[in-house]
Amino acid sequence: MQKIINSMVVNISGDKNKQPIIFIHGFPFDRSLWNNQVNLLQKDYYCITYDIRGLGSSYVGDGQYTMEAFVSDLYSIIGELQIEKPVLCGLSMGGYIALRAVEKHQRTFKGLILCNTKSTADDNSGKLIRAEKINQINVDGLDAFTEEFVTGCFAKESLKDFKEIVDLTISRAKQNNPLGVKGALLAMLSRTDTTEYLSKVQIPTLVIAGAFDKLTPPTVMRDMADRFKNAEFAITPRAGHLSPIENPGMVNDLISGFLKRRIK
Ligand code: MLT
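A.B. asks: So what's going on with helix α8 (residues 178–189)? Residues and values would help.
C.D. replies: Relative to the 16 Å expected for twelve residues at 1.5 Å per residue, α8 spans 16 Å between its end C-alpha atoms, a close match to the ideal helical length. Burial of α8 is extensive: nine of the twelve residues sit out of reach of the surface. Among the residues of α8, those classed as buried are Gly180, Val181, Lys182, Gly183, Ala184, Leu185, Ala187, Met188 and Leu189. Of the surrounding elements, those touching the buried residues of α8 are α2 (67–81), α3 (93–104), α4 (124–140) and α5 (142–153).

Right, dumping it as structure tokens:
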């Protein structure tokens, strides 16, 4: 079932009486990033995916976004669907949203799954790289930016072995509105750092890295996982920054194993 909530496109599948999981995609992707996980998990869980404001088919508006507004959007979906105690599962920018949502009100959630993400905010050089990317979109256009950025997200092996998936992911990302993509870059540039909060997280947490992730390398993710009192950590082989689509079998096993063991 598809719904429009607060001008975002939301997909819902599975039985409403089962444990809800909200999947939050990364930048500059859309809700289809989680198709492989939802296809498996919808038998046993109530699965919600949505397009973040400004990306995919969601409303773009003026492109003036903050991470805080993205978090409010997430809470508006939870409120509208009257979901009790969801598990949050976020990849990269989706992880930034999930971490800040948990920092804001941990008791809303039953568990946390963080894929290919980090808790630290952009440092000065990171901010300058974001500014360069916004400029690249203005000067060279969204297609050139998307081609380069999304290609860099995949492991070398995936570029070679899963060309169809790579091409499909790039062509989907090229459908985005440049205003929305630049707005998301600004929201990431100005986000807060959630590292200090990690040791206060009580809910069961799973941290999944990609062995060949250049954006959020396994070492960075292990350091983050170590800061939680009680997190599990796993490295997905044969995956770069997009482990749910580069190695869906492994990510599905990790997520379903975690849910069965830790989410009662
Ligand atoms: C993402 O996949 O969401 C982005 O790579 C995150 C980022 O650029 O910080």
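Having seen it, we continue.
A.B. asks: Pulling in residues and values, what's your account of the packing of aromatic side chains?
C.D. replies: A full pass over the atoms with the stated rule returns six aromatic pairs. With centroids separated by 5.5 Å and ring planes inclined at 15°, the aromatic side chains of Phe145 and Phe149 adopt a geometry described as stacked. A residue pair is termed a helical-turn pair when its members lie 3 or 4 positions apart in one helix, as Phe145 and Phe149 do in helix α5 at four residues. The exposure class assigned to Phe149 is buried, which follows from its relative accessible area of 12%. One aromatic cluster is present, built from ring pairs that chain together Phe27, Phe145 and Phe149.

A.B. asks: Break down unusual backbone geometry for me, citing the residues and quoting the values.
C.D. replies: Here the amide bond leading from Phe27 into Pro28 is cis, since omega sits at 0°, within 30 degrees of zero. With respect to the helices and strands, Pro28 occurs in the loop between β3 (20–24) and α1 (35–41). At Ser7, a position not held by glycine, the phi torsion is positive, near 60°. When you line up the elements, Ser7 lands in the loop between β1 (2–5) and β2 (8–13). The phi dihedral of Lys85 falls on the positive side, at around 50°, and the residue is not glycine. Among the secondary structure elements, Lys85 is positioned in the loop between α2 and β5 (87–91). Judged by relative accessible area, which is 37%, Lys85 ranks as partly exposed.

A.B. asks: I'd like to hear about the environment of Gly141, residue by residue, with values.
C.D. replies: Structurally, Gly141 can be placed in the loop between α4 and α5. For Gly141, a relative accessible area of 22% puts it in the partly exposed group. Sequence spacing of Gly141 and Pro178 is 37 residues, and the spatial spacing of their C-alpha atoms is 8.0 Å.

A.B. asks: Can you tell me about the sheet that holds β5, naming the residues and giving the values?
C.D. replies: Read across the open sheet, the eight strands follow the order β1-β2-β4-β3-β5-β6-β7-β8; overall the sheet is mixed. Of all strands in the sheet, those bounded by a partner on one side alone are β1 and β8 (231–236). With strand direction ignored, the average angle separating the axes of adjacent strands in the sheet is 20°. Relative to β2, β1 is paired through four bridges, and the arrangement is antiparallel.

A.B. asks: Could you give an account of the pattern of salt bridges, naming the residues involved and the relevant values?
C.D. replies: Charged atoms that come close allow side chains of opposite charge to pair. Within the structure shown, the criterion is met by twelve salt bridges. Glu103 is the salt-bridge partner of Arg100, the closest N and O atoms lying 2.9 Å from each other. Here Glu103 and Arg100 lie together in helix α3, a separation of three residues that amounts to about one turn. A salt bridge links Arg262 to Glu232; its shortest N-O distance comes to 3.0 Å. Taken together, the positions of Arg262 in helix α11 (residues 248–262) and Glu232 in strand β8 put the pair 30 residues apart, joining distant regions of the chain. With a relative accessible area of 22%, Glu232 lands in the partly exposed category. Among the ionic contacts, a cluster of salt bridges with common partners joins Glu68, Arg100, Glu103 and Lys104.

Procedures and definitions
Residues numbered from 1 in each chain as written. Predicted model: local features only at pLDDT ≥ 70, side-chain atom pairs only at ≥ 80, totals over all residues. Heavy atoms only, no water. Helix = DSSP H or I, 4+ residues; strand = E, 2+ residues; numbered from the N terminus. Expected span 1.5 Å × (residues − 1). Buried < 20%, exposed > 50% of the residue type's maximum accessible area, 1.4 Å probe, protein only. Contact = heavy atoms within 4.5 Å. Phe/Tyr/Trp six-rings, centres within 6.5 Å; stacked < 30°, edge-to-face > 60°. Pairing = 2+ DSSP bridges. Axes fitted to C-alpha atoms, helices over the stretch in contact; angles between N-to-C directions. Salt bridge = Lys/Arg side-chain N within 4 Å of Asp/Glu carboxyl O.

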